[in-house]
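Structural overview for review
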Amino acid sequence: MSNDHSTTDAPDADSVLQEIERKRDLSGRIVLAVAAIGIAFSVFQLWLAARGSVLSVSLPIVGSVTLAKLQLLQINAVHVAFALVLTFLLYPASTGDGPVARRCKRLSEAATARLGSSHPVTRVINAVGAGLAWAIVDDDLDAVAPIDIAFAAVSALAAVYFITDFAEIRELRYLGLTAGRPLPTVWLGYLDVIRPVFDALSPVLNPAGALLGPLGHTSYALVLGAVGVVLVLEATRRAISLWLMCIVAAFIAYARFGYLIPQDVAYLQIISIPPFAWPEIIQNLWYNTENGVFGIPVTVSVQFIYVFILFGAFLEMSGAGQWFIDLAYGATGTRKGGPAKASILASGFMGTISGSSIANTVTTGAFTIPLMKRSGYRPEFAGAVEASASSGGQILPPVMGAAAFLIVQYTGTPFADVIVAATIPALVFFFGVWVMVHFEAGKEDIGGLGTDDLVSLRSHLRTGWFYLVPIGLLLYYLIVERLSVARSAWFTIVAIGALMALVAAYGDETRGLLGGVLTVVTGGTLLAEWLGGGSLVAVLTGGGAGAQPLGGAVAATLGELGWLAIAAGVITMALRPRADASLLGFDDAVDDTAGAVSAAVGRPSLAGNGLFRYGVFTLKSMEDGARTAVPVVIAVAAAGIIPGVISISGLGPNLVSLIQAVAGGSLVVVLVITAISSIILGMGMPTTVTYIILSVLLVPVLLPFGVPELAAHLYILYFGVIADITPPVAVAAYAAAGVAKSDPFDTGVEAFSLSLNKAIVPFAFVVTPGVMLLRRNAGSLPPGDQYSVVGVADLLDVGYSVPEVVLPIAGVVLGVVALAATVIGHVYTDVARAERVAYAGSALFLMAPTLIVTTANDVLGLLGVAGGQTGVVVDLGLRAIGLAVFAALLVRNRRASTAEEPAA
């Protein structure tokens, strides 16, 4: 399927993203600087994934050279510093259209009107305004302002201090920040090399040092920590939202002034805290790996999130994104409502690549939304389908956005168990959206696309099957081998590089050469490992460890197969740089970058050089991964401040007690409070941030009610995702509206309607853990050990699996069909209003009957009447009632449809 069809009536995806994210579109030398920093960021993270915290390199003859041994706090500091620098370069401080800028302009206009343009006061106001605009404002989103350079430099200085003075930081943990060296002493230590110059100028510099005032005697660690926290807040405002910055700043202010809350006022005394001085607060927020800026969320970003974002970038730059979209259309395009169904599949595929609802919406929507509109779907509905399905990418294994890795860290659950537990609810959601678009297609009589507009599924798989290999390898490493997330992602990235090297080198005229080169390098490596005990390079340079058994040599060679494939591909491309690569289909961004770079260096012919394009693919993937990761890293760094404040203040247990008191012991009330809080807090903010905050605040509230810990965390994640398509903010829906050229609010309403099953399914798996394939363990255990993922033996236990797993899952699946009939108002024919209400009731009985009984018991409790127990028999009985109602409604609708056919 060609790309032409998708761009004729949709704006460019990059322009829509830029409008939403307000990210700069830079040009010139600053682009090279940003690219270099981004690539360095990715190299740093890849090195950590491959080698761990010891940064070492093996050189021929010389051997292993250790560059640095970094502690976790140092690694996290460098990680955040990279993100801060890129944030200040990519996101402007002001575009001149904000409330402060408008007030400044009005002040200048008022002074000119009253005093005249030549009046000294007016001239001073205009001069100050012009200076601020020069230093801060970037109204065209195309230039870096001086303040951005200053902020980026200070961010880099923070990382330098962590690297060079870590011994002092460790001492300050016990002595306090105020015991640190003052700023002049630290800087003179950095400048020891030119100390004679400073000694000669001391008569001039000493008086000048007095200009620093109190800062001249204040601990540098304290000043740098305070400035660092402020920079994180400013980066949050730029890259995420002013709303999140205000929330985080409010928590910091609460840590300092919360002791002023009176302790003799009902309810308020719960949030009163002991007094904390600024040095204590800064130390906990800036020099701590448990809480604060460099706490657990950033640790998760270092170990898991970034490398998976990089995996997605490599996969997308390889051309997999467009291949998956074409695959989805080839599989479903000819069916009833095929374009919308293909949109759901494509969004699910892209969810493996992108962890962002907005990016997923715009990337796939640029192709899918125009086709949905052209086939007959309303613009609002087309945008809603894309937004709903794309937001679902964050709950679809194996990637599930960044929050999945945080769940692993916070719960201690193996990643494989997380994705197993999350799979069925996610598939149920996508199935529910699929049914809704099917019913809408029947309602509007929308057919599929012609076969001429689609790729042949068989030939498409034959020419692009290798795009599925990285995903298969990822699942193999995570589930079968049970490697760490970072190692799994690292091996998969190497696999992508190897596959693309082979694909870029493969062609009709090079296949023989490529096979020969691969055979030579593989055979040479096998011989080197067998006879010399090392790689081919190591043996040739005298670095081998000696002969080893053949089995060990084979194992070592297989372990290096990815790098051998890369070497074979690179050698082949170097020998035949202009050969045609028949299977190669890099993303357009790679080809555009290759063309731009080759033109910039005055060598346009390089754009057709296979080895050059492969190099551009590798570097572009690293840069794009860094750009994508920046807002995520900033978000988790800022959000980490909130649990940091909660931890040092002891606020958490008090809030749990308050919420439990308000809920009156009702699980339903607590679930509703949690759902509403997740949606409200998640509006306009990354799902990751919402999850971090609410996992600390509300998960402890759910656990005493017997909710499985993993279910509680996924419950919050689901409603955080729903916030992306919930009006009035609905960022994913508004992004889809920008592509569909539809009304944003109406698109948001329809997206929320299409995602109603995403709101009901979490209630279902909270009260019926079998839907998540969780089984309660016997005995009195801690919350994290009370449930475990079911095994084969559990599923073979029919007495357990049928009532606790099979029937609840079947009920949820049928329930989303009933819910689809409720939302769309059509099955075989139109559904009357009263019947829609009945469908909604049957959906609830099928999906979450326990919730209905629990709610009834809570109401009876308020009336002083004891409620009944909710057991397996009651649960299955209510599901049977729901099934009977649902079946009766389907039969009635089918008969009505048959009766209408002769008239038609």
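Residues numbered from 1 in each chain as written. Predicted model: local features only at pLDDT ≥ 70, side-chain atom pairs only at ≥ 80, totals over all residues. Heavy atoms only, no water.

1. Observations concerning the overall build of the protein chain
A count of helical and extended segments in the protein chain gives 43 helices and four strands. Compactness check: the protein chain gives a C-alpha radius of gyration of 30 Å against a globular reference of 29 Å for 904 residues, within 12% of the reference. With the C-alpha coordinates aligned to their principal axes, the bounding extent of the protein chain is approximately 100 × 85 × 70 Å. Going through the 904 residues of the protein chain one by one, you find that 52% of them count as buried. When contacts within the protein chain are restricted to residue pairs at least 6 apart in sequence, those whose partners lie at least 24 apart make up 76%. For the protein chain, the exposed surface amounts to about 37800 Å²; the carbon and sulfur share of it is 65%. (Helix = DSSP H or I, 4+ residues; strand = E, 2+ residues; numbered from the N terminus. Rg over C-alpha atoms; globule rule 2.2 N^0.38 Å. Buried < 20%, exposed > 50% of the residue type's maximum accessible area, 1.4 Å probe, protein only. Contact = heavy atoms within 4.5 Å. Areas by Shrake-Rupley, 256 points an atom, 1.4 Å probe, with all protein chains shown as cover.)

2. Structural notes on unusual backbone geometry
Unlike most non-glycine residues, lysine 741 shows phi in positive territory, near 55°. Position of lysine 741 among the secondary structure elements: in the loop between helix H36 (731–740) and helix H37 (744–754). Residue classification places lysine 741 among the exposed residues on the basis of a relative accessible area of 57%. The phi torsion at leucine 773 lies on the positive side, around 60°, for a residue other than glycine. You can see leucine 773 is positioned in the loop between helix H38 (756–767) and strand S3 (774–776).

3. What to know about a negative patch on the surface
On the surface, Asp25, Asp139, Asp140 and Asp142 cluster together to form a negatively charged patch. Take aspartate 25: it is sitting in the loop between helix H1 (13–21) and helix H2 (29–51). (Patch = residues over 30% accessible without salt bridge, like charges linked within 9 Å, V, L, I, M, F, W, Y side chains within 5 Å. Salt bridge = Lys/Arg side-chain N within 4 Å of Asp/Glu carboxyl O. Lys, Arg positive; Asp, Glu negative; His and termini not counted. Charge placed at Lys NZ, Arg CZ, Asp CG, Glu CD.)

4. Let's talk about the layout of surface pockets
The space that makes up the second largest pocket amounts to roughly 1100 Å³. Lining the second largest pocket we find 34 residues, and of these Trp490, Val494, Gly562, Trp563 and Ile566 sit closest to its centre. Taken together, the elements giving at least two residues each to the lining of the second largest pocket come down to H2, strand S1 (54–59), helix H22 (468–480), helix H23 (485–505), helix H26 (550–559), helix H27 (561–575) and helix H29 (610–639). When residues in the lining of the second largest pocket are grouped by element, the largest group, ten residues, is from H23. Class assignment for the residues of the lining of the second largest pocket results in 25 nonpolar, six polar and three charged. (1 Å grid on protein atoms, 1.4 Å probe; cavity = no way out; pocket = protein on both sides within 12 Å on 5 of 7 lines; lining within 4 Å. Points joined across faces, edges and corners; volume = space filled by probe spheres on them. Nonpolar A, V, L, I, M, F, W, Y, C, P; charged D, E, K, R; others polar.)

5. A look at the packing of helix H11 (residues 220–239) against helix H13 (residues 278–286)
Between H11 and H13, whose axes approach to 9 Å, the crossing angle comes to 60°. If you check the angle between H11 and H13, you find them oblique. Handedness of the crossing formed by H11 with H13: left-handed. Residues Leu222, Leu224, Gly225, Ala226, Gly228, Val229 and Val232 of H11 touch H13, and the partners they reach there are Pro279, Ile282, Leu285 and Trp286. Of the residues that constitute the contact of H11 with H13, the class distribution is nine nonpolar, two polar and no charged. (Axes fitted to C-alpha atoms, helices over the stretch in contact; angles between N-to-C directions. Parallel < 35°, antiparallel > 145°, perpendicular 65-115°, else oblique. Left-handed = near helix turned anticlockwise from the far one by under 90°.)

6. Details of the side chain of lysine 341
Note that lysine 341 resides in helix H16 (residues 338–351). For the buried lysine 341, no salt bridge exists, and the shortest N-O distance to an oppositely charged side chain is 12 Å, to aspartate 445. Reaching out from lysine 341, the side chain makes a polar contact with the side chain of histidine 438 at a distance of 2.9 Å. Residues contacting lysine 341, with those up to four places away along its chain left out, are Thr332, Arg335, Lys336, Trp434, Val437 and His438. (Polar contact = N/O pair within 3.5 Å; in protein donor to acceptor, adjacent residues only side chain to side chain.)

7. Observations regarding the state of the cysteines
Counted by the stated rule, this structure contains zero disulfides. With no disulfide of its own, cysteine 104 lies closest to cysteine 246 among cysteine sulfurs, the gap being 18 Å. Here cysteine 104 falls in the partly exposed class, since its relative accessible area comes to 41%. Accessibility expressed as a relative area gives 38% for cysteine 246, which makes it partly exposed. (Disulfide = S-S within 2.5 Å.)

8. Examining the packing of helix H14 (residues 296–317) against H22
Two elements in contact, H14 and H22, have axes separated by 12 Å at closest approach and are oriented at 155°. Here H14 is positioned roughly antiparallel relative to H22, judged by the angle of their axes. Judged by residue contacts, Phe308, Phe311 and Leu315 of H14 engage Pro470, Ile471, Leu474 and Leu478 from H22. Here the contact of H14 with H22 is built from residues that sort into seven nonpolar, no polar and no charged.

9. Considerations on a nonpolar patch on the surface
On the surface, Leu527, Trp530, Leu531, Leu550, Val554, Leu558 and Leu561 cluster together into a nonpolar patch covering about 650 Å² of accessible area. Among the secondary structure elements, those contributing two or more residues to the nonpolar patch are helix H24 (511–532) and H26. Mapped onto the secondary structure, leucine 558 falls in helix H26. The exposed category is assigned to leucine 558, whose relative accessible area is 57%.

10. Looking at the confidence of the model for the protein chain
Looking at the protein chain as a whole, the pLDDT averages 84, with 91% of positions reaching at least 70. Within the model, pLDDT remains below 50 along residues 2–10, and this stretch shows 18 contacts once partners closer than five positions in the same chain are excluded. (pLDDT = per-residue confidence, 0-100.)

11. Considering the nonpolar core
Most often, soluble globular proteins have nonpolar side chains that are buried together. Judged by nonpolar contacts, the single largest core of 250 residues is most densely connected at Trp286, Tyr287, Phe308, Phe617, Leu714 and Phe765. Ranked by residues supplied to this core, first place goes to helix H20 (residues 415–444) with 16 residues. When residues no more than four places from it in sequence are discounted, the contact partners of phenylalanine 765 are Pro425, Ala711, Leu714, Tyr715, Tyr718, Val771 and Met772. If you look at the next biggest cluster of nonpolar residues, it comprises ten residues, including Tyr329, Ala342, Phe367 and Leu454. (Core = buried A, V, L, I, M, F, W, Y, C linked by side-chain atoms within 4.5 Å.)

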